[in-house]
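Residues per chain are reported as follows:
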Amino acid sequence: MSFLPRALAWCLPLAVSVALAAPAARAESLLRGMIGSDLRGLMPGVSPDVATGAVLQHIYEGLVAWREDGSVSPMLAESIETSADGRAVTFTLRDGLRFHNGAPVTSREVAWTWGRFLDPRMNWPCRTSFDGTRQVHVTAVEPVDKRHVIFRLAEPSPVFLSMMARSDCDSSGIAHPDSVDAEGRWTKAIGTGPFMLEEWRRGQYVQLARFPGYVSRTEAPNGLAGAKAAKVDRIRFTLIPDPSAARLALQAGNLDVLQEVDPTLAKELEAVPGLRVAHSPTAGLNTVLIRATDPVLADARVRQAIVAAVDAAGMRESLYAGFGAPGTSLVPTTSHYYTAVQQQAIGFDPARAAALLREGGYRGQPVTITSNSQFGLMKDTAILLQAQLQAAGVNAKVEILEFGAQLQRYFRGDYQLMVWNVTPYLDPVFTFDRFIGAPDATPEKVWRSAAANGLLTKLSATPEGAARQPILDALHKQFLQDAPLLVWTNRETIAGMRDTVQGFAPWPGLKPRFWNVSLGK
């Protein structure tokens, strides 16, 4: 028996029929990507590794950003004005910007973020680029009013804005002070980007959610600059350290995008129904670092011998399956500074390698090649390199570490040879800056040369343009003489994706960009 009042009983069928006729609620969209290693932290620029940067570049934005050609575009800044003496750079913030916690973006947060960056206790990896150790010295960051902030420089610097835009520093992204706890630890990621951190389940995945308060720029998308739109509700970066497991997840429909496909598997994925493959040259380099401070490798002739013992063309064919560009310079082939001078190389010459080993006093001591298990290409590089060095008379051995352990060894300078794939620097001055230091430089500076350091200082004081070319040419010639590392190819980024993914494309900056990307049917 019904106890509904007569009037309500009469209305109920109508209400049900209206509900049935109403459109179903929109299903939330989830873009499924992956990372090969867990995040190194949540502070912008906390680590140069691709996995951490791929996530954080969706959360944070800086005052400026790199376009694809390495030029600098305003990002959070509406305008930038440099004083006549070049020692004061004033940024005007765009109006209406908000952090992910809803707070307005003001000059106070800019100054707070940069105070953290420049505090030696924070161990910000990019700090030495701004504290006077290298070519830029920021002496103060001064809020003027809510929308204006002045950066004081000890000396004018033509590379200051480009240094701020560096992608390995996450564009020096601006964060809200609530990102840190009472003890000063960076426990949250409160930025201004199109996506905000929703959940970080360590060892499993990182999930981002669309930031509804995001204020996009209006220029066309270009590199890490221009218009950005969060066209999916969420992005999940699943941690899949094993490349084979990642490929199987894509094929099984459990991933939408696999942003770094092993070159040898690209053709295989192209044949899978529902998948497609796209690729792009990058400004990144595949290298092998040579530790000159190691007693076995201290003589430049031994280091030159290692370079001469390596068949770079053969490695590209074996490991890159026809992808990649035959560049062996620290100036990438994608740069307009790559000329006939940069094409000069020590070259593959086993006979010369053997002679140089004898002249350099090499007597068969073990030489260990350090690589990691997470990235198949890096592991395979070590194994092939070992065979080529052994053929030339080097007692080469291989050690395979977890990537985090390899990264720690890199920063400590604790290795002899290390397989090290370099993140793309769209402005080549920073490729050199990554490696060059004075003889007493910090351990990660593998090219610790007074001559190279002097040339880098000169390069950093030279504005973008033709005046840089002779300095870059001189650096390349010094590179061939010092042999601080081997460059065996320019990196190619190859991505596999489901046909439902729209708007995603590999690009010269390597790290995947999931803004302006949607999911179709």
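Here, the structure is the one placed above.
Just so it is clear, the structure is predicted and the values come from calculations on it, not from any experiment. (Residues numbered from 1 in each chain as written. Predicted model: local features only at pLDDT ≥ 70, side-chain atom pairs only at ≥ 80, totals over all residues. Heavy atoms only, no water.)

## As for the state of the cysteines
Working step 1: What the rule picks out here adds up to one disulfide.
Working step 2: Each sulfur of the disulfide joining Cys-126 and Cys-169 lies 2.0 Å from the other. Judged by the sign of its S-S torsion, about -105°, the cystine formed by Cys-126 and Cys-169 is left-handed. One end of the pair, Cys-126, is in the loop between helix H3 (107-118) and strand S6 (138-145); the other, Cys-169, is in the loop between helix H4 (160-165) and strand S8 (195-201), with 43 residues separating them in the sequence. The burial state of Cys-126 is the same as that of Cys-169; both residues are buried. (Disulfide = S-S within 2.5 Å. Helix = DSSP H or I, 4+ residues; strand = E, 2+ residues; numbered from the N terminus. Buried < 20%, exposed > 50% of the residue type's maximum accessible area, 1.4 Å probe, protein only.)

## Some details on unusual backbone geometry
Glycine aside, residues mostly have negative phi angles, and peptide bonds mostly take the trans form.
Working step 1: Positioned with a positive phi, Asn-123 is a non-glycine residue whose angle comes to about 55°.
Working step 2: Tracing the chain through its elements places Asn-123 in the loop between H3 and S6.
Working step 3: Given a relative accessible area of 60%, Asn-123 falls into the exposed group.
Working step 4: Even without a glycine there, the phi angle at Asp-170 is positive, about 55°.
Working step 5: Inspection of the secondary structure assignment puts Asp-170 in the loop between H4 and S8.

## Topic: the pattern of salt bridges
Side chains bearing opposite charge may pair, as long as their charged atoms lie close to each other.
Working step 1: All told, the structure shown has 27 salt bridges when counted by the stated rule.
Working step 2: Asp-119 is the salt-bridge partner of Arg-121, the closest N and O atoms lying 2.8 Å from each other.
Working step 3: Given a relative accessible area of 67%, Arg-121 falls into the exposed group.
Working step 4: Taking relative accessible area as the criterion, Asp-119 reaches 16% and is therefore assigned buried. (Salt bridge = Lys/Arg side-chain N within 4 Å of Asp/Glu carboxyl O.)

## Remarks on empty space enclosed by the protein
Working step 1: Taken as a whole and assessed by the stated rule, the structure comprises four cavities of 30 Å³ or more.
Working step 2: Of the volumes computed, that of the largest cavity is approximately 690 Å³.
Working step 3: As for the largest cavity, its lining consists of 38 residues, and the residues nearest its centre are Val-50, Glu-260, Phe-375, Met-378 and Arg-491.
Working step 4: Secondary structure elements with two or more residues in the lining of the largest cavity: strand S1 (30-35), helix H2 (50-59), helix H5 (243-251), helix H11 (376-391), helix H12 (403-412), strand S15 (417-422) and strand S18 (485-498).
Working step 5: Sort the elements by how many residues they give to the lining of the largest cavity and S18 lands first, with four residues.
Working step 6: For the lining of the largest cavity, the per-class residue count stands at 22 nonpolar, eight polar and eight charged.
Working step 7: A volume near 190 Å³ is recorded for the second largest cavity.
Working step 8: Every residue lining the second largest cavity is counted, 15 residues in all, and those nearest its centre are Pro-125, Arg-166, Asp-168, Arg-434 and Glu-444. (1 Å grid on protein atoms, 1.4 Å probe; cavity = no way out; pocket = protein on both sides within 12 Å on 5 of 7 lines; lining within 4 Å. Points joined across faces, edges and corners; volume = space filled by probe spheres on them. Nonpolar A, V, L, I, M, F, W, Y, C, P; charged D, E, K, R; others polar.)

## Some words on the sheet that holds strand S4 (residues 77-82)
Working step 1: On the basis of which strands lie adjacent, the open sheet formed by four strands has the order S4-S5-S7-S6 and antiparallel pairing. The sheet is open, and its two edges are formed by S4 and S6, each paired on a single side. Each neighbouring strand pair of the sheet contributes to a mean axis angle of 20°, computed without reference to strand direction.
Working step 2: The pairing of strand S5 (residues 88-93) with strand S7 (residues 148-153) spans five bridges and is classified as antiparallel. By the bridge assignment, Phe-91 is partnered in S7 with Val-149.
Working step 3: The strands touched by H3 are S5, S6 and S7; relative to S6, the strand with the most contacts, the crossing angle is about 165°. (Pairing = 2+ DSSP bridges. Axes fitted to C-alpha atoms, helices over the stretch in contact; angles between N-to-C directions. Contact = heavy atoms within 4.5 Å.)

## Re the side chain of Arg-468
Working step 1: By secondary structure assignment, the location of Arg-468 is in the loop between helix H14 (450-460) and helix H15 (469-482).
Working step 2: What makes Arg-468 buried here is its relative accessible area of 2%.
Working step 3: Here the side chain of Arg-468 touches Asp-427 through a polar contact of 3.1 Å, side chain to side chain.
Working step 4: Beyond its immediate stretch of four places on either side in the chain, Arg-468 contacts Val-159, Tyr-337, Asp-427, Val-429, Leu-459, Thr-462 and Pro-463. (Polar contact = N/O pair within 3.5 Å; in protein donor to acceptor, adjacent residues only side chain to side chain.)

## Regarding the environment of Trp-114
Working step 1: Along the chain, Trp-114 turns up in helix H3.
Working step 2: Trp-114 gets classed as buried once you look at its relative accessible area, which sits at 0%.
Working step 3: In the structure, Trp-114 is positioned 58 residues away from Ser-172 in sequence and 8.4 Å away in space, judged by C-alpha atoms.
Working step 4: Sequence-distant contacts of Trp-114, that is, excluding residues within four places in its chain, are made with Trp-124, Phe-130, Val-141, Phe-151, Met-164, Ser-172 and Ile-174.

## A look at the packing of aromatic side chains
Working step 1: Following the criterion strictly, the structure yields 18 aromatic pairs and no others.
Working step 2: Seen in terms of ring centroids, Phe-375 and Phe-403 are 5.4 Å apart; in terms of plane orientation they differ by 90°. Their pairing is edge-to-face. Placement of the pair is Phe-375 in the loop between strand S13 (366-372) and H11 and Phe-403 in helix H12, with a sequence separation of 28 residues.
Working step 3: On the accessibility criterion, Phe-375 (28% relative accessible area) is partly exposed.
Working step 4: Residue Phe-403 is classed as buried on the basis of its relative accessible area of 7%.
Working step 5: Through a chain of ring-to-ring contacts, three or more aromatic side chains come together here, namely Phe-91, Trp-114, Phe-117, Trp-124, Phe-130, Phe-151 and Phe-160.
Working step 6: Seen from the ring of Trp-515, Lys-228 lies directly overhead, with NZ or CZ sitting 4.2 Å from the centre. (Phe/Tyr/Trp six-rings, centres within 6.5 Å; stacked < 30°, edge-to-face > 60°. Lys NZ or Arg CZ within 6 Å of the ring centre and 35° of its normal.)

## A short note on the packing of helix H8 (residues 312-320) against H11
Working step 1: Between H8 and H11, the shortest axis-to-axis distance is 11 Å and the interhelical angle comes to 140°. When the axes of H8 and H11 are compared, the pair comes out oblique. In terms of crossing hand, the pair formed by H8 and H11 is right-handed. Note on element contacts: H11 touches H8 through Leu-377, Asp-380, Thr-381, Leu-384 and Gln-388, opposite Met-315, Ser-318, Leu-319 and Tyr-320.
Working step 2: Considering only residue class, the contact of H8 with H11 consists of five nonpolar, three polar and one charged. (Parallel < 35°, antiparallel > 145°, perpendicular 65-115°, else oblique. Left-handed = near helix turned anticlockwise from the far one by under 90°.)

## What to know about the sheet that holds strand S10 (residues 234-239)
Working step 1: Pairing in this open sheet of four strands is mixed, and the strands run S1-S10-S9-S8 from one edge to the other. Either end of the sheet is taken by a strand with one partner, and the two such strands are S1 and S8. Between one strand and the next, the sheet's axes are offset by a mean angle of 20°, whatever the strand orientation.
Working step 2: When S1 meets S10, the two strands line up parallel, connected through six bridges.

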